Amino acid sequence: MGREWLISLIPLTLGAAFLSIGAAGLRRLSSLRRDGATAVGRIVRHEVSEGSEGGTFHHPVAAWTAGDGRACEHTSAFGRGKVPRAFRVGAVVTVRYDREKPDRFLIEGMDGKALVLLFTVLGALLTTGTVTVLLARLLTL
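Now for a quick tour of the structure.

Rules used in this analysis
- Residues numbered from 1 in each chain as written.
- Predicted model: local features only at pLDDT ≥ 70, side-chain atom pairs only at ≥ 80, totals over all residues.
- Heavy atoms only, no water.
- Helix = DSSP H or I, 4+ residues; strand = E, 2+ residues; numbered from the N terminus.
- Rg over C-alpha atoms; globule rule 2.2 N^0.38 Å.
- Buried < 20%, exposed > 50% of the residue type's maximum accessible area, 1.4 Å probe, protein only.
- Contact = heavy atoms within 4.5 Å.
- Areas by Shrake-Rupley, 256 points an atom, 1.4 Å probe, with all protein chains shown as cover.
- Lys, Arg positive; Asp, Glu negative; His and termini not counted.
- Charge placed at Lys NZ, Arg CZ, Asp CG, Glu CD.
- Patch = residues over 30% accessible without salt bridge, like charges linked within 9 Å, V, L, I, M, F, W, Y side chains within 5 Å.
- Salt bridge = Lys/Arg side-chain N within 4 Å of Asp/Glu carboxyl O.
- Axes fitted to C-alpha atoms, helices over the stretch in contact; angles between N-to-C directions.
- Left-handed = near helix turned anticlockwise from the far one by under 90°.
- Nonpolar A, V, L, I, M, F, W, Y, C, P; charged D, E, K, R; others polar.
- Polar contact = N/O pair within 3.5 Å; in protein donor to acceptor, adjacent residues only side chain to side chain.
- Phe/Tyr/Trp six-rings, centres within 6.5 Å; stacked < 30°, edge-to-face > 60°.
- Pairing = 2+ DSSP bridges.

1. Brief notes about the overall build of the protein
Link 1 in the chain: Within the protein, the regular secondary structure consists of three helices and five strands.
Link 2 in the chain: The linear arrangement of helices and strands in the protein, starting from the amino end, is α-α-β-β-β-β-β-α.
Link 3 in the chain: Relative to the globule expectation of 14 Å for 141 residues, the C-alpha radius of gyration of the protein, 20 Å, shows a markedly less compact shape.
Link 4 in the chain: Its C-alpha atoms put the protein at 65 × 35 × 20 Å along the principal axes.
Link 5 in the chain: Taken over 141 residues, the protein has a buried fraction of 28%.
Link 6 in the chain: By sequence separation, contacts in the protein at least 24 residues apart represent 63% of the contacts at least 6 residues apart.
Link 7 in the chain: On the protein, roughly 8,900 Å² of surface is accessible, and the fraction owed to carbon and sulfur atoms is 62%.
Link 8 in the chain: The positive charge centre, built from 18 side chains, and the negative charge centre, built from 12, are 5 Å apart in the protein.

2. Quick notes on a nonpolar patch on the surface
Link 1 in the chain: Nonpolar side chains collect at one region of the surface, where Val131, Leu135, Leu138 and Leu141 lie side by side and expose about 380 Å² of accessible area between them.
Link 2 in the chain: Turning to its location among the elements, Leu138 is positioned in helix 3 (residues 113-139).

3. Topic: the packing of helix 2 (residues 9-35) against helix 3
Link 1 in the chain: Here helix 2 crosses helix 3 at 145 degrees, and the two axes come no closer than 7 Å. Here the hand of the crossing between helix 2 and helix 3 comes out left-handed.
Link 2 in the chain: When the residues that make up the contact of helix 2 with helix 3 are grouped by side-chain class, the tally is 17 nonpolar, seven polar and one charged.

4. Notes on the side chain of Thr120
Link 1 in the chain: Structurally, Thr120 can be placed in helix 3.
Link 2 in the chain: One polar contact links the side chain of Thr120 to the main-chain carbonyl oxygen of Val116, over a distance of 2.9 Å.
Link 3 in the chain: The contact partners of Thr120, leaving out residues within four places of it in the chain, are Phe18, Leu19, Gly22, Ala23 and Leu26.

5. As for the packing of aromatic side chains
Link 1 in the chain: Evaluation of the coordinates by the stated rule reveals three aromatic pairs.
Link 2 in the chain: Where Trp64 meets Tyr97, the ring centres are 5.6 Å apart and the plane angle is 40 degrees; that geometry is what we call tilted. Of this pair, Trp64 sits in strand 2 (residues 56-65) while Tyr97 sits in strand 4 (residues 92-97), placing them 33 residues apart in sequence.
Link 3 in the chain: What makes Tyr97 buried here is its relative accessible area of 3%.
Link 4 in the chain: Taken together, a centroid distance of 5.2 Å and an interplanar angle of 40 degrees make the contact between Trp64 and Phe105 tilted. Here Trp64 is found in strand 2, whereas its partner Phe105 is found in strand 5 (residues 105-107), with 41 residues between them in sequence.
Link 5 in the chain: Overall, the relative accessible area of 4% leaves Trp64 in the buried class.
Link 6 in the chain: Given the relative accessible area of 5%, Phe105 is considered buried.
Link 7 in the chain: Joined through ring pairs, the aromatic side chains of Trp64, Tyr97 and Phe105 make up one cluster.

6. Regarding the sheet that holds strand 4
Link 1 in the chain: As summarised here, the arrangement of the five strands in space is 3-2-1-4-5, forming an open sheet in which the pairing is antiparallel. Bordering the open sheet on either side are strand 3 (71-75) and strand 5, each of which pairs with just one other strand. Taken over all neighbouring pairs, the strand axes of this sheet differ in orientation by 35 degrees on average, direction set aside.
Link 2 in the chain: Pairing of strand 1 (residues 37-50) with strand 4, which is carried by six bridges, proceeds in the antiparallel orientation. Paired with Ala39 across the bridge in strand 4 is Val95.
Link 3 in the chain: Relative to strand 5, helix 2 is tilted by about 85 degrees, and along the sheet it contacts strand 1, strand 4 and strand 5.

Structure (structure tokens):
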């Protein structure tokens, strides 16, 4: 019962963090899909950012008119290394947004669902695997 118990906290902590991030992302996506308003928007430009590895990410900026007449223009949290044709400047897109906080939105087709699912599955695997190993070790002491 030495260091291996302490070392097992690393994958357990990573798994719990990934699972939490993934679950929060899925809850946000589900909430916007279920309760969010839908609007037709247009990509007006791209914000460019650099990733930690030096890669460049293009985040589309969508503009739309909310149901109450407010003009909205917000940058997507999800960017891609290459701008897909469907999200080039001037492209018409479907936007789902929170009526009370329009900066909480997603662009259909660029909502990051695959990334959120990856975090959730990876987190669940790390957490479940680590807990299983810890329980097995505990039962064989």
